[in-house]
Number of protein chains: 2
Amino acid sequence: MVSLKDIASQCGVSVATVSKALNDHSDIGADTKERIREKAKELGYVPNAAAKSMKTNRTHNIGVLFMDDAMSGLQHDFFAGLLESFKRSVEREGYDITFISNDRSTPGRTSYLNHARYRRFDGVIIANVHFDDPEVVELVKSDIPVVTVDHIYNDTITILSDNVDGMNKLVDYAISMGHRKIAYIHGVDSSVTKARMTTFYKKMEEYGITVPSEYIVESPYRDTHGAYEQTLKLLELEDRPTCIFYPDDYASYGGLRAIAEKGLKVPDDISIVGFDGIRVARHIRPRLTTYRQNVDELGVLAARNLIDLIEKPKTTLVQQIMVKGKLLEGDTLKKLN
Amino acid sequence: MVSLKDIASQCGVSVATVSKALNDHSDIGADTKERIREKAKELGYVPNAAAKSMKTNRTHNIGVLFMDDAMSGLQHDFFAGLLESFKRSVEREGYDITFISNDRSTPGRTSYLNHARYRRFDGVIIANVHFDDPEVVELVKSDIPVVTVDHIYNDTITILSDNVDGMNKLVDYAISMGHRKIAYIHGVDSSVTKARMTTFYKKMEEYGITVPSEYIVESPYRDTHGAYEQTLKLLELEDRPTCIFYPDDYASYGGLRAIAEKGLKVPDDISIVGFDGIRVARHIRPRLTTYRQNVDELGVLAARNLIDLIEKPKTTLVQQIMVKGKLLEGDTLKKLN
DNA sequence: TTTAAGAACTTAAACGTTTTCGCAAGAATT
DNA sequence: AATTCTTGCGAAAACGTTTAAGTTCTTAAA
């Protein structure tokens, strides 16, 4: 690999001059600069990020932490979209992204924080993890600039998908279409789904509707099978709901199956509502009535805020930023009478 | 950040001794080693990857290159699965992965190869790209260890999903279920789909079936709308096929829609077959008849081969490795008579 | 003409490691 | 008692950069 030294000797100048010429410092003559740059190009010089980072204490590399288990890895549509948008945004500013490895079972593995320190990440984005994991907390509390997505810590910038807005819109919509008997499948084990459920209750109350307790059931987040079973139960109720809210789009496909097996039609016999707006759903019929989270915007804002925090920590304020999504009307919710 | 120097001064030994102690060299006394390690832990020492890489010429970082455009980014199920498996495998061996940025529009961007050089990646995995892109070719031809997925170059290790096997199995299956009139939607613009089409023709010929030219149509890979339109055309043929092969699972959802709009039922009126075995498909009814590529195995093998190439380049042979997938029977192909 | 100021470079230290070689002292071999 | 071996450690160079602080010149101001 050709280094500054090679260019320096071939140009008959010092290494310092070469460095400054390539970094366009003002104390190098225009002709010398030109000569050095020519030579650099001719030799195919590429700077060494490692060496650079040793002097500057900046790696221009951002760590990405997210969960891997079961259904929630890269293949999680929400995260994949978020990551892609984030990646694109930071790359535009000259940053790369590297995953913080999260396989807890590897022998000799190091903590998230130590991994981040080892690579000297300029900053870290955290999404889709168990936010109460001590290792995650340790990372958040460290001196490394952090942005979290969809979870609030004190003193940390957070980009939030507006779950409250989403649930409000969905309830408004269902009510406006004449539904009163709405069942709700709560996705357990996630802080975002809690916000949704609270909103659901509150909103229904505003409409003066008391939700019978048997209309509220639980099923794991993003679990089609659980949703399938809970749906069967709901369908067997004496006073069957006219509409079922699912914790996410995946879950609602489990519901669809249960409904079909019972010989019922969506939306004629029963309406269903998802949450997320996963990409594939656009291609599949019936088109799901759901709330599409604006993952693109989440990624862009996470990138913008993290980079600001890295580059101008003094002026960047710690804040929570809400991003609204969009109601997708779809074909799975019918207007009653 | 605490460095070897800090440990050295606090332990009253030289930096060299600390380095050797932590790397378990044999020429340091057991008690000294112990003392140094204690102190390192006490001070919360974390090595500096950049400094280390300068001396060792190894970064333990692998570059990932893949396409971003339209439907083929991280959100491509095939790639997401491959990446996740690859990531998990290399992490187990102490490697991290960093994306090689692929936004061609960024001003001042550098080529793929230069990006890889800048970060001094130990190796690179290339998947899902335009393999004839000059920048990709340049990267492949360079001295950086490379493994490609689903595309063959000379002198490069390639892990291939066995498209030939897949198409053979699908045709065998369709034929065994009594289908003779099979239409084929060819996914243009991809080297893997070409292999499939060739196999389709050959296999049909083996069965003594001549496929009428109007049964062969084209539509972009992973394009539901194109598949929708081509399906409509196929359905309007006088001698309508009993079964349609799609270039991929996504496309087949476009087909499903067209069929439904024509008032036909799958599989009673017409059968359809996808390709890929995307994850969501498992949750959606009807269950697609398709060929599930073994993305997990692809990732594992890509990782294994790349790491071998990095760590023992002499003994690692350049080869093409085929990975077979699995026929998923699903519910979209009916037995005739 | 002296002095100050600028322009264009160089020197050298530093970042945090690894590694080769050297050296001392004790142990083992003649 | 003299030699060689072994063990345990340190000195110093090197990897490729950046940057503060000099050092020459040349030119402008006094």
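Residues numbered from 1 in each chain as written. Chains lettered and ligands numbered in written order. Predicted model: local features only at pLDDT ≥ 70, side-chain atom pairs only at ≥ 80, totals over all residues. Heavy atoms only, no water.

Asks: Would you take a moment to explain empty space enclosed by the protein for this structure?
Replies: One simple way to see leftover space: roll a probe sized like a water molecule over the atoms. Under the defined criterion, the tally for this structure stands at five cavities of 30 Å³ or more. Taken as a whole, the largest cavity spans an internal volume of roughly 240 Å³. Along the wall of the largest cavity there are 15 residues; nearest its centre are A49, A50 and R119 of chain A together with A50 and R119 of chain B. Residue assignment for the lining of the largest cavity shows that the elements contributing at least two residues are α4 (49-56) of chain A together with α4 (49-56) and α6 (112-119) of chain B. Of the residues that constitute the lining of the largest cavity, the class distribution is five nonpolar, seven polar and three charged. The calculated volume of the second largest cavity comes to roughly 90 Å³. Taken together, 13 residues make up the lining of the second largest cavity; nearest its centre are Q75 and D77 of chain A together with Q75, D77 and Y250 of chain B. For the lining of the second largest cavity, the secondary structure elements donating two or more residues are α5 (77-92) of chain A together with α5 (77-92) of chain B. For the lining of the second largest cavity, a count of residues per class yields eight nonpolar, three polar and two charged. (1 Å grid on protein atoms, 1.4 Å probe; cavity = no way out; pocket = protein on both sides within 12 Å on 5 of 7 lines; lining within 4 Å. Points joined across faces, edges and corners; volume = space filled by probe spheres on them. Helix = DSSP H or I, 4+ residues; strand = E, 2+ residues; numbered from the N terminus. Nonpolar A, V, L, I, M, F, W, Y, C, P; charged D, E, K, R; others polar.)

Asks: Explain unusual backbone geometry here, please?
Replies: Among all residues save glycine, negative phi is the norm, and among peptide bonds the norm is trans. All names here are of chain A. Across the junction of R285 and P286, the peptide omega takes the value -5°, indicating a cis bond. Located in the positive-phi region is D150, a residue other than glycine, with phi close to 65°. Residue classification places D150 among the buried positions, given a relative accessible area of 12%. (Buried < 20%, exposed > 50% of the residue type's maximum accessible area, 1.4 Å probe, protein only.)

Asks: So what exactly am I meant to see when it comes to the protein's contact with DNA strand C here?
Replies: Around DNA strand C there are 27 residues in total, and T17, K20, T32 and K55 of chain A together with S19 of chain B lie nearest to it. Each atom of DNA strand C within 4 Å of the protein belongs either to a base or to sugar and phosphate, the latter forming 52%. Residue K5 of chain B places a side-chain N or O atom 3.5 Å away from a phosphate oxygen belonging to DNA strand C. At the level of elements, α2 (15-22) and α4 of chain A together with α1 (4-11), α2 (15-22) and α4 of chain B are the ones that each hand at least two residues to the surface near DNA strand C. (Near = heavy atom within 4 Å. Polar contact = N/O pair within 3.5 Å; in protein donor to acceptor, adjacent residues only side chain to side chain.)

Asks: Which parts of the structure should I look at to understand the packing of helix α10 (residues 224-235) of chain A against helix α11 (residues 249-261) of chain A?
Replies: Between two packed helices, the angle of one axis relative to the other and the distance separating the axes together describe the packing. Residue and element names in this part refer to chain A. At a minimum axis separation of 7 Å, α10 and α11 run at an interaxial angle of 45°. Regarding the angle of α10 to α11, the classification is oblique. Two packed elements cross with a definite hand, and for α10 against α11 that hand is right-handed. Residues T224, H225, A227, Y228, T231, L232 and L235 of α10 lie in contact with α11, whose contacting residues are Y250, A251, G254, G255, R257, A258, I259 and E261. Residues belonging to the contact of α10 with α11 are distributed by class as follows: eight nonpolar, five polar and two charged. (Axes fitted to C-alpha atoms, helices over the stretch in contact; angles between N-to-C directions. Parallel < 35°, antiparallel > 145°, perpendicular 65-115°, else oblique. Left-handed = near helix turned anticlockwise from the far one by under 90°. Contact = heavy atoms within 4.5 Å.)

Asks: Even after reading the chapter, I still don't get the nonpolar core, so can you show me in this structure?
Replies: Nonpolar side chains in soluble globular proteins tend to end up buried together. With 88 residues, the main nonpolar core has F200 and F245 of chain A together with F200 and F245 of chain B as its most contacted residues. Beyond its immediate chain neighbours, meaning those up to four positions away, F200 of chain B contacts M167, V171, I182, Y184, V211, I216 and F245 of chain B. Core analysis: the second largest hydrophobic core is formed by 62 residues, L82, A302 and L309 of chain A together with I97 of chain B among them. (Core = buried A, V, L, I, M, F, W, Y, C linked by side-chain atoms within 4.5 Å.)

Asks: Sorry if this is basic, but what is going on with helix α8 (residues 163-176) of chain A here?
Replies: Residues that lie three or four places apart on an α-helix share one face, since the helix turns once every 3.6 residues. For α8 of chain A, which comprises 14 residues, the first-to-last C-alpha distance of 20 Å matches the rise-based estimate of 20 Å (1.5 Å per residue) to within 8%. Along α8 of chain A, the positions that sit buried rather than exposed are N163, D165, G166, M167, L170, V171, Y173, A174 and I175 of chain A. (Expected span 1.5 Å × (residues − 1).)

Asks: Sorry if this is basic, but what is going on with the pairing of strand β7 (residues 216-220) of chain A here?
Replies: Successive residues of a regular strand alternate their side chains across the two faces of the sheet. Residues and elements named next belong to chain A. One ladder, built from five bridges, connects strand β6 (residues 182-188) with β7; its direction is parallel. Within the sheet, the bridge partner assigned to I185 lies in β7 and is V217. Since β6 and β7 lie parallel, the crossover through helix α9 (residues 191-206) that links them has a hand, and here it is right-handed. (Pairing = 2+ DSSP bridges. Right-handed = clockwise from strand over helix to strand, strands pointing away.)

Asks: Looking at this structure, I do not really get α4 of chain B. What am I missing?
Replies: Those residues of α4 of chain B not exposed but buried are A49, A50 and S53 of chain B. Projected down its long axis, α4 of chain B carries its buried residues within an arc of 95°, all on one side. In this structure, the buried residues of α4 of chain B make contact with α4 and α6 (112-119) of chain A. Looking at the residues trailing α4 of chain B, positive phi occurs at N57 of chain B, about 60°. (Arc of directions from axis to C-beta.)

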